[in-house]
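# A closer look at the structure
Now for the letters of each chain:
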Amino acid sequence: MSMIAAFYSNKSILITGATGFLGKVLMEKLFRTSPHLKVIYILVRPKSGQTLQERVFQILNSKLFERVKEVCPNVHEKIRPISADLNQRDFAISKEDMQELLSCTNIVFHCAATVRFDAHLREAVQLNVTATQQLLLMASEMPKLEAFIHISTAFSNCNLSHIDEVIYPCPVEPRKIIDSMEWLDDSIIEEITPKLIGDRPNTYTYTKALGEVVVQQESGNLNVAIVRPSIVGATWQEPFPGWVDNLNGPSGLIIATGKGFLRSIKATPMAVADLIPVDTVVNLTIAVGWYTAVHRPKSTLIYHSTSGNLNPCNWYEMGLQVLATVEKIPFESAFRRPNADFTTNNFTTQYWNTVSHWAPAIIYDFYLRLTGRKPRMLKLMNRLLKTISMLEYFINHSWEWSTNNTEMLLSELSPEDQRVFNFDVRQLNWLEYIENYVLGVKKYLLKEDLAGIPKAKQHLKRLRNIHYLFNTALFLIIWRLLIARSQMARNIWFFIVSFCYKFISYFRASSTLKV
């Protein structure tokens with residue numbers, strides 16, 4: 001029998017961020033493996049026109065929870081939604097709800113965060129730092145609390161090339177940052193943000209690093225652990241392969257490629273794509289909760305949930321597999337196709353790719369206006385290019401993460417727990433995983449019928465031909481302008497034409513002699 005599953009039986013668990021991608025999968029796995037757990041409290045932000053119970057019903061009504069309903073038919077009775085707003089003091093939780101949380105909670109999984117890379121620093125600090133501080137304060141008043149598990153990110157210290165399982169100090173104390181956000185003007189915050197984040201790429205990675213320091217400084221006597229996942233992707237195995245419900249990470253790029261909007265990307269092909277399946281992260285997180293509560297380590301342990309050091313896959317291989325799945329061609333054939341184009345990092349190439357994305361979008365929108373329809377392609381392309389620009393830092397760098405604690409925890413599990421809560425990424429077959437990921441995006445995220453793949457393939461072929469035709473026309477126009485303005489360009493052009501004429505004449509003469 002699974003010791004971990006038995007541990008969570010009859011436990012009261014608090015999950016923040018339970019309505020998010022990782023939170024949903026965490027909740028599903030807990031209910032499916034420990035159907036006798038007592039209750040899961042979830043903090044839910046009120047929505048106009050929708051009650052808390054309706055939001056819970058919406059979550060449970062998804063395909064993700066189909067297997068849970070079989071093993072735990074009364075699952076809806078074991079989810080206790082708490083009205084809360086992480087932007088407010090004490091999360092705006094009522095006194096009655098707060099009293100219940102403080103007196104009953106055994107385990108806290110803090111998954112809530114803003115994952116927007118371009119979030120304003122004030123917003124990012126509030127959700128990723130201040131909210132963590134307030135939750136730790138609540139946890140310190142929970143007499144039955146056995147473990148507090150904080151979900152961070154492997155990229156919290158992405159300014160380093162090698163990252164150990166330690167909490168790195170920040171140049172400015174988190175408390176000073178929190179205090180300054182309360183009185184500084186937005187314009188001043190925007191001005192000082194680049195200086196504060198330093199060589200980190202965005203406010204997300206910076207504030208997640210601050211959040212870790214807060215955990216270290218303000219956890220007191222709590223049993224605390226930190227899990228650092230890298231790029232979280234679709235499910236690998238559980239509850240079924242390929243489930244995904246958001247556009248974060250590679251999902252948006254997969255959709256753009258599948259729809260034919262994304263033809264090239266500025267990336268380092270051999271850079272490691274440190275993608276980690278969401279169910280792998282969840283299995284590790286649950287195991288960390290058990291180990292922290294039962295073994296009570298003397299210090300805060302950090303667990304890296306990454307793939308690059310144990311089972312690496314680079315962006316080139318991943319792009320080819322996406323292409324092979326989208327167009328239903330053998331993986332080996334994708335090596336001979338130009339669709340997955342990883343361009344170099346120079347201004348000319350970047351300019352050309354931007355033009356080759358925007359110009360067809362402008363032409364297509366002009367066609368939509370002529371036919372009386374609302375133009376949308378340029379807006380969509382701008383959003384796509386913005387998303388790609390925010391991801392460029394992560395697809396052009398590689399990192400090394402130590403995984404000593406993660407491997408130690410794996411060795412501490414019984415064979416049954418290693419099977420039920422598998423987080424050994426060395427067993428992952430990337431080709432199979434990416435294929436399931438692409439199909440999962442189509443089926444679960446876009447809600448499209450897999451029977452429509454042949455039609456989608458024809459659509460991709462048409463878009464590819466339009467793309468090539470436009471690039472050819474653009475090249476000829478630019479070349480013609482160069483010929484008109486440059487004597488050197490004219491000389492080169494005449495040389496090419498003369499050479500081709502002589503070659504054709506020689507070929508004809510040779511054919512005549514043979515006859």
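Since the model is a prediction, treat every value here as computed from it, not as a measurement.

Below, the discussion takes up helix α5 (residues 95–104). Taken as a whole, α5 has its buried residues at Asp97, Met98, Leu101 and Leu102. End-on, the buried residues of α5 take up no more than an arc of 130 degrees, which puts them together on one face. Among the exposed residues of α5, those pointing more than 90 degrees away from its buried face are Lys95 and Glu96. Residues of α5 that are buried make contact with β1 (12–16), β2 (39–44), β3 (79–83) and α6 (121–139).

Let us look at the pairing of β1. Counting buried positions along β1 yields five of five residues, so the element is predominantly enclosed. The side-chain alternation of β1 yields two buried faces, one formed by Ser12, Leu14 and Thr16 and the other by Ile13 and Ile15. In this fold, β1 hands off to helix α2 (residues 21–33), which returns the chain to β2; that crossover is right-handed.

The next point concerns the confidence of the model for the protein chain. Of the residues in the protein chain, 83% have a pLDDT of 70 or more, and the chain-wide mean is 84. Predicted confidence in the protein chain is weakest over helix α13 (residues 331–334), with a mean pLDDT of 46, and strongest over strand β4 (residues 107–110), with 98. Confidence drops under a pLDDT of 50 for residues 331–336, and excluding neighbours within four residues, the segment shows eleven contacts in the predicted structure. Segment residues 338–352: pLDDT under 50, and 34 contacts once partners within four positions in sequence are set aside and those in other chains are kept.

Another aspect to go through is helix α11 (residues 278–295). An ideal rise of 1.5 Å per residue puts 26 Å on 18 residues; α11 measures up with 25 Å between its terminal C-alpha atoms. With respect to burial, α11 is a largely interior element, 16 of its 18 residues being buried. Immediately downstream of α11, the backbone of Arg296 shows phi near 45 degrees, a positive value.

Turning our eyes to something else, we now look at the sheet that holds β2. The strand order across the open sheet formed by seven strands is β3-β2-β1-β4-β5-β7-β11, and the pairing between neighbours is parallel. Since the sheet does not close on itself, it has two edges, and those belong to β3 and β11 (301–305), each with one partner. Taking the axes of each pair of neighbouring strands and ignoring which way they run, one obtains an average angle of 20 degrees across the sheet. Pairing geometry for β1 and β2, over four bridges, is parallel. Note that in β2 the partner of Ile13 across the bridge is Ile40.

Right, let's get into the environment of Ser161. Checked against the element boundaries, Ser161 lands in the loop between β5 (147–151) and β6 (162–163). Judged by relative accessible area, Ser161 falls into the exposed class, the value being 56%. Excluding residues that lie within four positions of it along the chain, Ser161 makes contacts with Trp399 and Glu400.

Scanning all chains against the criterion turns up three cavities of 30 Å³ or more. Volume-wise, the second largest cavity comes out at about 100 Å³. Looking at the second largest cavity, it is lined by 15 residues, and the ones nearest its centre are Thr306, Leu310, Thr406, Phe423 and Val425. Looking at the lining of the second largest cavity, the elements that each hand over two or more residues are α11, β11 and α16 (404–412). For the lining of the second largest cavity, the element with the highest residue contribution is α16, accounting for three residues. Residues of the lining of the second largest cavity, tallied by class, amount to six nonpolar, six polar and three charged.

What follows covers the environment of Ile254. Position of Ile254 among the secondary structure elements: in helix α10 (residues 250–258). By relative accessible area, Ile254 is classed as buried at 7%. In sequence terms Ile254 and Gly319 are 65 residues apart; their C-alpha atoms lie 8.9 Å from each other. In contact with Ile254, not counting residues within four places along its chain, are Val322, Tyr437, Val438 and Val441.

At a minimum axis distance of 9 Å, the contact between α6 and helix α9 (residues 203–218) shows a crossing angle of 20 degrees. When the axis of α6 is compared with that of α9, the two are roughly parallel. Relative to α9, α6 is oriented so that their crossing is right-handed. Each of Leu121, Ala124, Val125, Asn128, Val129, Thr132, Gln133 and Leu136 in α6 lies in contact with α9, whose residues at this interface are Thr203, Tyr204, Tyr206, Thr207, Lys208, Leu210, Gly211, Val214, Val215 and Glu218. Broken down by class, the residue content of the contact of α6 with α9 amounts to ten nonpolar, six polar and two charged.

This part takes up the nonpolar core. Counting 98 residues, the largest nonpolar core has Tyr8, Ile15, Met27, Leu30, Phe109 and Leu409 as its most contacted members. Formed by 43 residues, the second largest nonpolar core is a distinct cluster that contains Val108, Leu136, Val213 and Val224.

For the pair α11 and α16, interaxial distance at closest approach is 11 Å and the crossing angle is 75 degrees. Judged by the angle between their axes, α11 and α16 are roughly perpendicular. Where α11 approaches α16, its residues Leu284, Ala287, Val288, Trp290, Tyr291 and His295 are matched on the opposing element by Thr406, Met408, Leu409 and Glu412. A breakdown of the residues in the contact of α11 with α16 according to their chemical character gives seven nonpolar, two polar and one charged.

With that out of the way, let us pick up the side chain of Ser156. As for its position among the elements, Ser156 is in the loop between β5 and β6. Reaching out from Ser156, the side chain makes a polar contact with the side chain of Glu212 at a distance of 3.1 Å. Residues in contact with Ser156, not counting those within four places in the same chain, are Arg200, Thr205, Lys208, Ala209, Glu212 and Arg228.

What counts and what doesn't
- Residues numbered from 1 in each chain as written.
- Predicted model: local features only at pLDDT ≥ 70, side-chain atom pairs only at ≥ 80, totals over all residues.
- Heavy atoms only, no water.
- Buried < 20%, exposed > 50% of the residue type's maximum accessible area, 1.4 Å probe, protein only.
- Helix = DSSP H or I, 4+ residues; strand = E, 2+ residues; numbered from the N terminus.
- Arc of directions from axis to C-beta.
- Contact = heavy atoms within 4.5 Å.
- Right-handed = clockwise from strand over helix to strand, strands pointing away.
- pLDDT = per-residue confidence, 0-100.
- Expected span 1.5 Å × (residues − 1).
- Pairing = 2+ DSSP bridges.
- Axes fitted to C-alpha atoms, helices over the stretch in contact; angles between N-to-C directions.
- 1 Å grid on protein atoms, 1.4 Å probe; cavity = no way out; pocket = protein on both sides within 12 Å on 5 of 7 lines; lining within 4 Å.
- Points joined across faces, edges and corners; volume = space filled by probe spheres on them.
- Nonpolar A, V, L, I, M, F, W, Y, C, P; charged D, E, K, R; others polar.
- Parallel < 35°, antiparallel > 145°, perpendicular 65-115°, else oblique.
- Left-handed = near helix turned anticlockwise from the far one by under 90°.
- Core = buried A, V, L, I, M, F, W, Y, C linked by side-chain atoms within 4.5 Å.
- Polar contact = N/O pair within 3.5 Å; in protein donor to acceptor, adjacent residues only side chain to side chain.

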